[in-house]
Amino acid sequence: MPTSTPDALRDVSVIIVGAGFSGLGLGIQLRRRGESSFVILERADDVGGSWRDNTYPGVACDVPSPLYSYSFRTNPDWSRMFSPGQEIWDYLRAAAREEGLGPHLRFGAEMLEARWNENDHRWTVRTPQGEFYGDVLVAATGHLTDIKLPEVPGLETFTGELFHSARWNHDFPLAGKRIGVVGTGASAIQIVPQLAEIADQLVVFQRSAPYIQPRRDRVFSEAEKNLFRRDQRTVEEMREMLFWYNDSRFAARRLIDDYLAEASWQALSHLDKQVSDPELRAKLTPDYTIGCKRILLSDDYYPAIQRPNVHLEAAALERVEGSTAFSAAGEAFELDVLVVATGFETYDLPSSYRIFGRGGNALADHWSNGMQAYKSIATAGFPNLFLLNGPGTSLGHNSVIYMIEAQIDHLLAALDWRSAHDGRVLEVSSDIENAFAKRLDEGAAETVIIRGGCSSWYLDPRNGRATLSWPDFAHRFRDECAPFDPAAYDHGEQSAARA
Amino acid sequence: MSTASTVPATAGDVKENHGSLHIGDLEVNFFDSVDEHSGLPPIVLVHGTGGSARSHFGFLFPMLAAKQRVVAVDLATPQGPPDEGQIRMAEQVQAVIEKVLPDRPVTLAGYSLGAVVAATAAGTRPDLVGGLILMAGWLKTDAQQKLRNDIWRALRQSDVEALRRYQAFCAFSAPLLAMLSDGEIEALVSSFRTDDLMAAQMEINRHVDLTDVAPKIACPTLIVAGTDDLMTPFRQSKRLFGAIADARYTEVTSGHAMVVERPAELVHLIAAFNANPNQYPAGAILPTRRP
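Computed from a prediction, not measured in an experiment: that's the story for all the values here.

Rules behind the numbers
- Residues numbered from 1 in each chain as written.
- Chains lettered and ligands numbered in written order.
- Predicted model: local features only at pLDDT ≥ 70, side-chain atom pairs only at ≥ 80, totals over all residues.
- Heavy atoms only, no water.
- Phe/Tyr/Trp six-rings, centres within 6.5 Å; stacked < 30°, edge-to-face > 60°.
- Helix = DSSP H or I, 4+ residues; strand = E, 2+ residues; numbered from the N terminus.
- Buried < 20%, exposed > 50% of the residue type's maximum accessible area, 1.4 Å probe, protein only.
- Core = buried A, V, L, I, M, F, W, Y, C linked by side-chain atoms within 4.5 Å.
- Contact = heavy atoms within 4.5 Å.
- Salt bridge = Lys/Arg side-chain N within 4 Å of Asp/Glu carboxyl O.
- Buried area = accessible area lost by both parts, 1.4 Å probe.
- Polar contact = N/O pair within 3.5 Å; in protein donor to acceptor, adjacent residues only side chain to side chain.
- UniProt positions renumbered as here; feature names shortened; annotations may be inferred.

Peer 1: So what exactly am I meant to see when it comes to the packing of aromatic side chains here?
Peer 2: Two aromatic rings, taken as a pair, are described by how far apart their centres are and by the angle between their planes. Residues and elements named next belong to chain A. Inspection of the entire model under this criterion finds 26 aromatic pairs over all chains. A ring pair is formed by Phe 21 and Tyr 70, whose centres lie 5.2 Å apart and whose planes are at 70°; its orientation type is edge-to-face. Of this pair, Phe 21 sits in helix α1 (residues 21-32) while Tyr 70 sits in the loop between α2 (50-53) and α3 (85-98); the two residues are 49 residues apart in sequence, bridging distant segments of the chain. Just as Phe 21 is buried, Tyr 70 falls in that class too. Both rings, one in Phe 243 and one in Trp 244, keep their centres 4.9 Å apart while their planes meet at 85°; by these two values the pair is edge-to-face.

What follows is the structure, given as structure tokens:
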């Protein structure tokens, strides 16, 4: 296109969309293999994905840091078991810098539209920085990235300050204010203890009480960090221990009695220990089976809820009129600030409306019955498109970084295969994709995600399918989905030579 | 063997049938997940010293049963000479296989004493076993193991409470014990058995010798050793690796109690081996897993 400015990476082998854990992880592996023909398109002005976007007070990961990091880039410097979000963001920025990804990154380059070209069998991605052309398109666009606001009548008329937890307004002074927090998920339970310290009044709107287990966080001492630096094997051993322990927690998700009872006990005994008022305890007791929604980890949420300036409203936010927020229980609260911690678009991804495959078909249309992909990575009608951290990759019990790495291995093997076969196009058939999706649906039907009696962000409410969820051990994902099997793909066409 | 009965029971969410058969005056119980799920061979689990299908395989049984049929044997402790113990127990396993899973290859997986029993069963009836997994097993009881056995016996006479503490100390890896709270340690300690049946199994342990039977094992075999195992040190597993022709070897970072310390990793190893026993060739040491 004539609007494009000169760019050596305008026309490449691989276009990666997104510079979060997935996109950077793939970029690092490509660099380490000596590949140079790839570009990473990022809509924001820095790398880091969720860890760039989420800057709310108290932001941290609920997966232990030694595990929530790349296996091929362990970090001896984590300050604690559950490191603050800023440290994770710094880790990703350092990784991008030190692994030499700088020249491959294009910022302010939002994927406005990606289109498969039937003539030269290649992808074109249109961005505000012009068009990019690639043999292979990798959607590393994540699923905890596009914010979701609750559908509450009058919300837009709120006269106070309103923002989403992932778009925190740090310019607005919150001290001494009357603040409402909407939601009690993973973000909210980290935010509430922080705001409780500074708010005049804090109201927490709880649609459904979460299960909360002890966090068991701890600082890594200087001596420990020094050991990690001197003997990398000690970091790896901790990572392996955490991984296999976390993976064993899948037994509870699969509703095996003893393990389910143990998980419940860990949460409910924590509640009993921290909350003595029976009325409040009842409000904080979940009404579904543990693990159906994400299990949260916190030692300071329940204490915060019991502060005199904090009120737990055990009802959803129903409507807003001016500065008044009404709960579904009919209570009215005068507020200066509303913090909306209601999560992200997870089942109907905005990015899927921007990717067009064969016949100009939008990925969102292909996914109108719920998103799905063969081995969570490839979809019918979208040749040479690979998805990272997309459908069928979310876990309630282990680290998604492990899942992303398994997908990267599959993708690298696919790229190797293309190199060895004259750049032939890789595309799965609908039959193969559907068979894989059917197996996942059947697996999910045996897990607490489907059977736990709740509605969670792992479910697609249009059809009740757990399209986001990998319904098995994490290790099983690597066993099944990391290997690349060329026989599963049709591969007739060849990408045209690059200009 | 004579009578058999089958009554429904449940283990967690997995449907299973409970059955039993008799060999002489010994009653042998077993659990069968029944549902085949797939074309994969069924897995037969054999527990270790002082354990049962339930106590050693509370995790492995239901989680493996999600993908293939699983049968777990509750070994009966024979009262005869201890050096015949391994063969008497192997006969029980063979009888369960012939009754429940006749005329089809099974993957036989034993843990601890169960590994000794499974190896004996596979070596004496190669026709029954298509694949063999030996977790924390050993080839022939050595002086280090006899010393531990001596201490066990002496403590049982003098101080049963100290014996329980000693068992916890020996069964779990140092790193695992180091992480536990006082309450968790006490809970572990109180879970150990010191009864007469346990003592009889300890006598059988003293007399284990697979030297003659190991070379008769013909099927693909996976040896799984615990790096921090004090009861059946990993070098014993390496001896099995040397003695069994079609064996491959791997280690898990664990003490002897690998079914408790690394159950998910065992599910991975067993399921992967059952799906493709020859993924790694005879003589291979599996690549190190770096999750």
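Alright, that's what it looks like, and here's the rest.
Peer 1: Would you mind going over the nonpolar core with me for this structure?
Peer 2: Core analysis: the largest hydrophobic core is formed by 153 residues, its most contacted members being Phe 21, Leu 202, Tyr 301 and Tyr 489 of chain A together with Leu 45 and Leu 60 of chain B. In terms of residue count, helix α12 (residues 400-420) of chain A provides more of this core than any other element does, 12 residues in total. Not counting the four nearest positions on each side in its chain, Leu 45 of chain B is found in contact with Phe 57, Leu 60, Phe 61, Leu 64, Val 70, Val 71, Ala 72, Val 73 and Ala 109 of chain B. Listed in part, the 50 residues of the second largest apolar core include Ala 90, Leu 128, Cys 219 and Ala 247 of chain B.

Peer 1: Honestly, the pattern of salt bridges in this entry has me stumped. Any pointers?
Peer 2: One side chain can pair with another of opposite charge once the charged atoms of both are near each other. Scanning the entire structure with this criterion turns up 57 salt bridges over all chains. For Arg 462 of chain A, the salt bridge is made with Asp 460 of chain A, and the minimal N-O distance between the two is 2.9 Å. Since its relative accessible area comes to 38%, Arg 462 of chain A is described here as partly exposed. The partner of Arg 248 of chain B in a salt bridge is Asp 246 of chain B, with the nearest N and O atoms 3.1 Å apart. Each member of the pair, Arg 248 of chain B together with Asp 246 of chain B, is buried. One connected set of salt bridges, linked through shared partners, spans Arg 32, Arg 73, Glu 98 and Glu 99 of chain A.

Peer 1: I would appreciate a short explanation of the interface of chain B and chain A in the present structure.
Peer 2: Many authors give the size of an interface as the accessible area that is lost as the parts come together. Contact with chain B, which involves 21 residues of that partner, is made by 25 residues of chain A. At the boundary of chain B with chain A, total buried surface from both sides reaches about 2100 Å², with 63% on carbon and sulfur atoms. Measuring nitrogen to oxygen at the nearest pair gives 2.6 Å for the salt bridge that ties Asp 472 of chain A to Lys 67 of chain B. Applying the counting rule to chain B against chain A returns 5 residue pairs in polar contact (both at pLDDT 80 or more).

Peer 1: Would you mind showing me how to read the environment of Leu 335 of chain A here?
Peer 2: Among the secondary structure elements, Leu 335 of chain A is positioned in the loop between β15 (332-334) and β16 (337-340). Not counting chain neighbours up to four residues away, the residues in contact with Leu 335 of chain A comprise Phe 158, Arg 178, Ile 179, Gly 180, Val 203, Phe 205, Ser 323 and Ala 325 of chain A.

Peer 1: Please clarify how the UniProt feature "domain: AB hydrolase-1" (unreviewed entry) in chain B should be interpreted in this entry.
Peer 2: Residues annotated by UniProt as "domain: AB hydrolase-1" (unreviewed entry) correspond here to residues 43-267 of chain B. Spanning residues 43-267 of chain B, this segment combines 50% helix with 15% strand, and its end C-alpha atoms are found 11 Å apart.

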